[in-house]
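# Understanding the architecture of this molecule
Residues per chain are reported as follows:
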Amino acid sequence: MICDPATNLTPMSTTFSAATGQRSAKPSALEALRAKAQKPRHYLDHAATSPLRSETREAMVEALELGNPGGQYASGRKARQALEEARETVAGILGCEPIEVIFTSGGTESDNLGIQGLFLGLGAPGATIAVPPIEHDAVLKSAAFCRDRLGAKLLDMPVGSDGRVDLAEMPSIDGPAVVTCMWANNETGAIQPVQDVVDLGFPTHIDAVQAVGHVDINFHGLGASTLALSAHKFGGPRGVGALLARRDAKVISQVNGGGQERGLRSGTPDVAAAVGLAAALTATVADMAAENERLSTLRNRLWEGVHGQVRDVVKHTNDPALPGHLHLGVPGAEGDSLIMLFDAAGIECSTGSACNAGVNRPSHVLLSMGVPEDVARGAVRFSLGHTTTEADVDAVLAVVGDTVARAKAAGMA
Ligand code: PLP
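Residues numbered from 1 in each chain as written. Predicted model: local features only at pLDDT ≥ 70, side-chain atom pairs only at ≥ 80, totals over all residues. Heavy atoms only, no water.

So, on to the packing of aromatic side chains. If you walk through the whole model with that rule in mind, you get 1 aromatic pair. When the centroid spacing of 5.5 Å and the interplanar angle of 80° are considered together, the rings of Phe342 and Phe382 count as edge-to-face. In this pair, Phe342 sits in helix α10 (residues 335-344) while Phe382 sits in strand β14 (residues 379-383), placing the two residues 40 residues apart along the sequence. An identical accessibility class is assigned to Phe342 and Phe382; each is buried. (Phe/Tyr/Trp six-rings, centres within 6.5 Å; stacked < 30°, edge-to-face > 60°. Helix = DSSP H or I, 4+ residues; strand = E, 2+ residues; numbered from the N terminus. Buried < 20%, exposed > 50% of the residue type's maximum accessible area, 1.4 Å probe, protein only.)

Written out as C-alpha cells, the structure reads:
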C-alpha cells in the first residue's frame, strides 16, 4: 500500500460489505483531509496576529542577508544603515526622535522593560504602580513581578462597565509612582483615556500594542515616558517590537550586555525584523483613515447580522473602540465550544482571553467590567484587519445561528 509521505495515510481506502460480498471505494482519510483543507478559511483574529503584509515580506527578503550592525566595516555599516533607517521611519510615524526607538522582541518584552524599567528607575522600592485590571498579562504580570520581587505597592485603577478606565473614581496616589495604561484593550477594543492618564503627572507606560495602525500616535505630544508596540499586530513579522522611551525617562535595562539599543536592550539586533516592522508600519498608516472606515463598516454589518439571528447576544465592544474589534457574549454557551464550532465551519476567531493550563476561565477584562460570569464564559471575539472582506462577514453570518444553537446545546462545562 502506498502511503502519502507527509501524512502516512493511504490515498484510497476500500470497505468490504459482508451482505453483498463486494468491496466499495470510499473517500480515504487523506481525501477527507484534503477536501477540508481546500474549504476557504476566514481569518478573523487580527487582534491575536495579523497576516504578514506583502510590503513587509519584500522589505525583509532584501534585508535578510544583512550582517551585524555593530561591524566596523562595509557590510556592518550597510546593516547599520538599514537599522537606522528603520528606526527613523518608526520615529517619524510615531512622533519621537530616532534615539527614542528601542527595538525589542515584541509587545511582551516592551511592556516588561517599560514597567519594570520605570519602576526601578524611581529608585524607591516601596513606590506605587497604578495599573488597570483590564491590562494584558504582559503588563499585569510585570506589575505583579515588581510587587512580589521588588517591593512595589499595586493600585488598581477603576474601570467602568464600558471597559474604560474611569479616572473620576481614581484614588489619589501618595509618593513616587509609575502609572500604566493600555491605549486600546485587546479583547473589547475599548480606547482608553491615555492622555488623561499621562496628565496625572507620573512616569507613565502606555501599552499601544493594539492601537498602533488604528489611531494617530504622537509620542512627544502625548508626553508618556514609554510606549510599547508589536509588529505582528499590524502585518509585520512576529517576534519584533519596539519600546519608545523618552530621552529623559529613567528606565533601567533588563537585558544587560553589549549596550546596543541605547543600552536598554543589549544583544545583536535583528536588522531584517526591524526593517520588516518599519515597512509594515509605513504600509499600515498610509491608508489608515480609509481602512478604519472600511473595517468599522464591515464590523457593524457583522454585529447587525449576528444580532439579527442571535437575539440574546451581548456586545462587549463599546465606542470609542478600535474599528475592527467585535467582542460578544453568548449566555448559556462556552466560548471554547463556540470557537471550535466556528473553526469547523472554516472561521478563525477566538475567545479573546488566554486559557491557563487547559482550564478555561472567564476573561479578567469582562469580569472587571462587571459582566456576569455566565455571559463572560460565552465570549467570542472577532477582530477584522487588512485581509478581511465582505466574504468573511458573510461566512460568519451564514453559520452563526446554527453554531450558537449547537454551542448552547453542548451546555456549560
Ligand atoms: N499587549 C497587548 C495589549 C496585546 O494585545 C499583546 C498581544 O496580544 C501584547 C501586549 C503582547 O505582545 P507580543 O505578542 O508581541 O508579545
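Right, let's get into the sheet that holds strand β11 (residues 314-315). The sheet built from 3 strands is open, its strands ordered β11-β12-β14 with antiparallel pairing. The sheet is open, and its two edges are formed by β11 and β14, each paired on a single side. Pairing between strand β12 (residues 325-329) and β14: 5 bridges, direction antiparallel. Looking at β14, one finds that His325 is bridged to Ser383. Contacting β11, β12 and β14, helix α9 (residues 288-309) crosses the sheet at an angle of about 20° to β12. (Pairing = 2+ DSSP bridges. Contact = heavy atoms within 4.5 Å. Axes fitted to C-alpha atoms, helices over the stretch in contact; angles between N-to-C directions.)

Moving on, we get to the site of the ligand. Taken together, 13 residues surround the ligand, and among them Thr108, Asp207, Gln210, Ser230 and Lys233 come closest. Asp207 places a side-chain nitrogen or oxygen 2.7 Å from a nitrogen atom of the ligand. At a separation of 3.0 Å, an oxygen atom of the ligand approaches a polar side-chain atom of His232. For the ligand, the protein covers 85% of the area, taking 390 Å² as the surface of the free molecule. Ranked by residue count, the leading element in the shell around the ligand is helix α4 (residues 107-122), at 3 residues. Taken together, the residues of the shell around the ligand break down into 2 nonpolar, 8 polar and 3 charged. (Near = heavy atom within 4 Å. Polar contact = N/O pair within 3.5 Å; in protein donor to acceptor, adjacent residues only side chain to side chain. Areas by Shrake-Rupley, 256 points an atom, 1.4 Å probe, with all protein chains shown as cover. Nonpolar A, V, L, I, M, F, W, Y, C, P; charged D, E, K, R; others polar.)

Moving on: the pattern of salt bridges. Applying the stated criterion to the full structure yields 17 salt bridges. Between Arg87 and Glu261 there is a salt bridge, with the nearest N and O atoms lying 2.8 Å from each other. Here the residue Arg87 occupies a position in helix α3 (residues 74-94), and Glu261 occupies one in the loop between β10 (241-245) and α8 (271-286), the gap between them amounting to 174 residues. Exposure remark for Glu261: the relative accessible area of 8% places this residue in the buried category. A salt bridge links Glu97 to Arg247; the shortest N-O distance between them is 2.8 Å. Of this pair, Glu97 sits in the loop between α3 and β4 (101-104) while Arg247 sits in the loop between β10 and α8; the two residues are 150 residues apart in sequence, bridging distant segments of the chain. Linked through salt bridges whose partners overlap, the residues forming this network are Arg80, Glu84, Arg87 and Glu261. (Salt bridge = Lys/Arg side-chain N within 4 Å of Asp/Glu carboxyl O.)

What follows deals with the packing of α4 against helix α5 (residues 137-150). Two elements in contact, α4 and α5, have axes separated by 9 Å at closest approach and are oriented at 35°. With respect to the hand of their crossing, α4 and α5 are arranged in right-handed fashion. When α4 is examined against α5, the residues Thr108, Asp111, Asn112, Ile115, Gln116, Phe119 and Leu120 are found in contact with a partner set consisting of Ala138, Val139, Ser142, Ala143, Phe145, Cys146 and Leu150. (Left-handed = near helix turned anticlockwise from the far one by under 90°.)

Turning our eyes to something else, we now look at the packing of α3 against α8. Relative to each other, α3 and α8 sit at 30°, their axes nearing to 9 Å. The angle between α3 and α8 falls in the class roughly parallel. α3 and α8 meet at a crossing whose hand is left-handed. Two secondary-structure elements touch here, α3 through Ala79, Ala82, Leu83, Ala86, Thr89, Val90, Ile93 and Leu94 and α8 through Val271, Ala274, Val275, Leu277, Ala278, Leu281, Thr282 and Val285. Partitioned by chemical class, the residues of the contact of α3 with α8 number 14 nonpolar, 2 polar and no charged. (Parallel < 35°, antiparallel > 145°, perpendicular 65-115°, else oblique.)

As a further point, take the sheet that holds strand β6 (residues 153-156). Taken in spatial order, the 7 strands make up an open sheet running β4-β10-β9-β8-β7-β5-β6, and their pairing is mixed. Bordering the open sheet on either side are β4 and β6, each of which pairs with just one other strand. Ignoring strand direction, the axes of neighbouring strands in this sheet form an average angle of 20°. Here β4 runs beside β10; their pairing, made up of 4 bridges, is antiparallel. Bridge pairing in β10 links Phe103 to Ala242. Set on the sheet, α4 makes contact with β4, β5 (128-131), β7 (177-182), β8 (204-207), β9 (226-230) and β10; between it and β9 the angle comes to about 165°. Against the sheet, α5 makes contact with β5, β6, β7 and β8, and its axis sits at roughly 160° relative to β5, the strand it touches most.

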